[in-house]
Amino acid sequence: MTRKEKYRFVINYFVQNNPDAKTELMYDNPYQLLVAVILSAQCTDKRVNITTPVIFEIYPDISSLSKATPAELFPLIKSISYPNNKTNHLIGMAKKVMSDFGGKIPMSVNELMELPGVGRKTANVITSVIDNQPNMAVDTHVFRVANRIGLVKAKNPLETEKQLIKNLPKDLVHVAHHWLILHGRYICVARKPKCGNCGLRPACTYYQKVVKPTLEPQ
């Protein structure tokens with residue numbers, strides 16, 4: 001199967017089986033999503049969703065968060081990974097949004113990356129989820145799944161992002177990000193992928209080259 005055929009197969013599969021894929025982070029507006037995504041680095045969405053309601057109750061908007069102190073915010077996120085860094089990132093992010101962007105979350109990747117705690121992946125998530133921009137956030141799931149299937153042949157997230165953007169239809173990039181994340185989270189898991197439950201087997205390089213030969217009679 002050629003790479004073009006792989007993309008066609010994978011896209012058709014997800015369009016039929018998960019056409020409305022979206023983030024599992026809970027949010028009501030760009031501010032809440034940005035806070036949640038910053039907190040989600042090296043942490044599960046489930047844990048973030050448990051943590052954010054009290055944050056949003058006490059700090060309902062970017063202005064109130066910008067006035068928080070580390071001593072006030074830290075106890076609210078201490079169950080999250082790297083709480084010290086993320087406390088400083090959230091407050092620093094809010095202060096910069098207020099001072100440099102008039103209190104409005106910017107919607108360009110480059111401007112978002114000026115904010116503390118916001119790297120390329122986070123900026124791509126915000127712009128694709130909120131604004132449906134054709135930006136591909138590559139986390140560990142996207143990197144693993146895209147390489148296993150053979151959609152890309154990449155050594156790092158940036159290479160993966162560029163190859164996916166090049167080969168995916170522009171209007172599907174924002175949802176394809178969620179297709180790959182969710183597939184990696186629940187089916188194509190890191191240690192022991194659940195190939196028996198995967199509908200992408202016919203197009204998957206890993207399955208065809210690694211798994212299938214072990215199932216065939218010798």
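Every chain is numbered on its own, with residues counted from 1 as its sequence reads. With the structure being a predicted model, the display of local features is reserved for residues of pLDDT at least 70 and the display and counting of side-chain atom pairs for 80 or more, all residues being used for whole-chain, interface and lining totals. The side-chain values count all of the structure's non-hydrogen atoms but skip hydrogen atoms and water molecules.

In the nomenclature of an unreviewed UniProt entry, the protein is known as Endonuclease III of Hanamia caeni. Heading Catalytic activity (unreviewed entry) of the UniProt record for the protein holds this comment: "2'-deoxyribonucleotide-(2'-deoxyribose 5'-phosphate)-2'-deoxyribonucleotide-DNA = a 3'-end 2'-deoxyribonucleotide-(2,3-dehydro-2,3-deoxyribose 5'-phosphate)-DNA + a 5'-end 5'-phospho-2'-deoxyribonucleoside-DNA + H(+)". UniProt positions are given in the numbering used here, feature names are shortened, and annotations may be inferred rather than shown by experiment. Entered under Sequence similarities (unreviewed entry) in the UniProt record, the comment concerning the protein runs "Belongs to the Nth/MutY family."

Caption draft 1: The arrangement of the overall build of the protein in detail. For the protein, the helix and strand inventory stands at 12 helices and 0 strands. By the criteria applied, helices consist of DSSP H or I runs no shorter than four residues and strands consist of E runs no shorter than two, each listed in order from the N terminus. Sequence-ordered secondary structure for the protein, helices as α and strands as β, is α-α-α-α-α-α-α-α-α-α-α-α. Over its C-alpha atoms, taken along the principal directions, the protein stretches across nearly 65 × 30 × 30 Å. Each residue gets one of three labels from its accessible area relative to the maximum for its type: buried under 20%, exposed over 50%, partly exposed in between, using a 1.4 Å probe on protein chains only. Classification of the 218 residues of the protein by burial places 48% in the buried group. Residue contacts follow a heavy-atom distance rule, with two residues in contact if any of their heavy atoms lie within 4.5 Å. Of all intrachain contacts in the protein linking residues separated by at least 6 positions in sequence, the fraction that spans at least 24 positions is 59%. For the protein, the exposed area adds up to about 11600 Å²; of that, 53% sits on carbon and sulfur atoms. Asp and Glu count as negative and Lys and Arg as positive, but His and the ends of the chain are not part of the count. By convention, the point assigned to a charge is CZ for Arg, NZ for Lys, CD for Glu and CG for Asp. A distance of 10 Å separates the average location of the 29 positive side-chain charges in the protein from that of its 17 negative side-chain charges. Working definition of accessibility: Shrake-Rupley area with a 1.4 Å probe, residue cover restricted to the visible protein chains.

Caption draft 2: Local environment of the packing of helix 5 (residues 70–77) against helix 6 (residues 83–100). Here helix 5 crosses helix 6 at 125°, and the two axes come no closer than 9 Å. In terms of orientation, helix 5 lies oblique with respect to helix 6. Where helix 5 crosses over helix 6, the two elements pack in a sense that is right-handed. Side by side, helix 5 and helix 6 meet where Pro70, Leu73, Phe74 and Ile77 of the first sit next to Pro83, Asn84, Lys86, Thr87, Asn88, Leu90 and Ile91 of the second. Its residues assigned to classes, the contact of helix 5 with helix 6 comprises 7 nonpolar, 3 polar and 1 charged. Helix axes are fitted to C-alpha atoms over the stretch in contact, other axes to C-alpha atoms as well, and angles between N-to-C directions run from 0 to 180 degrees. In this scheme, roughly parallel covers angles under 35 degrees and roughly antiparallel covers those over 145, while 65 to 115 is roughly perpendicular and the rest are oblique. By convention, the crossing between two helices is left-handed when the near helix turns anticlockwise from the far helix through less than a right angle, and right-handed when the turn is clockwise. Residue classes follow a fixed rule: Ala, Val, Leu, Ile, Met, Phe, Trp, Tyr, Cys and Pro count as nonpolar, while Asp, Glu, Lys and Arg count as charged, and any other residue, Gly among them, counts as polar.

Caption draft 3: The nonpolar core, seen in detail. In this description, a nonpolar core means a group of buried Ala, Val, Leu, Ile, Met, Phe, Trp, Tyr and Cys residues linked to one another through side-chain atoms lying within 4.5 Å. In terms of nonpolar packing, the biggest core is built from 37 residues, with Leu65, Leu90 and Met93 touching the most fellow members. Sorting the residues of this core by element identifies helix 2 (30–40), helix 3 (45–58), helix 4 (62–66), helix 5, helix 6, helix 7 (109–112) and helix 8 (120–131) as the ones contributing at least two each. A per-element tally of this core places helix 2 first, with 8 residues. Counting residues in each nonpolar core, the second largest holds 31 residues, with Val10, Ala21, Leu172 and Tyr207 among its members.

Caption draft 4: View of helix 10 (residues 157–167). Of the residues making up helix 10, those classed as buried are Thr160, Glu161, Gln163 and Leu164. The secondary structure elements touched by the buried residues of helix 10 are helix 1 (3–17), helix 8, helix 9 (140–149) and helix 11 (173–186). Under this definition, polar contacts are N or O atom pairs within 3.5 Å; protein pairs additionally need one hydrogen-donor-capable and one acceptor-capable atom, and for neighbouring residues in sequence, both atoms have to be side-chain atoms. Near the N-terminus of helix 10, the side chain that reaches the backbone nitrogen of leucine 158, with its oxygen 3.2 Å away, is that of asparagine 156.

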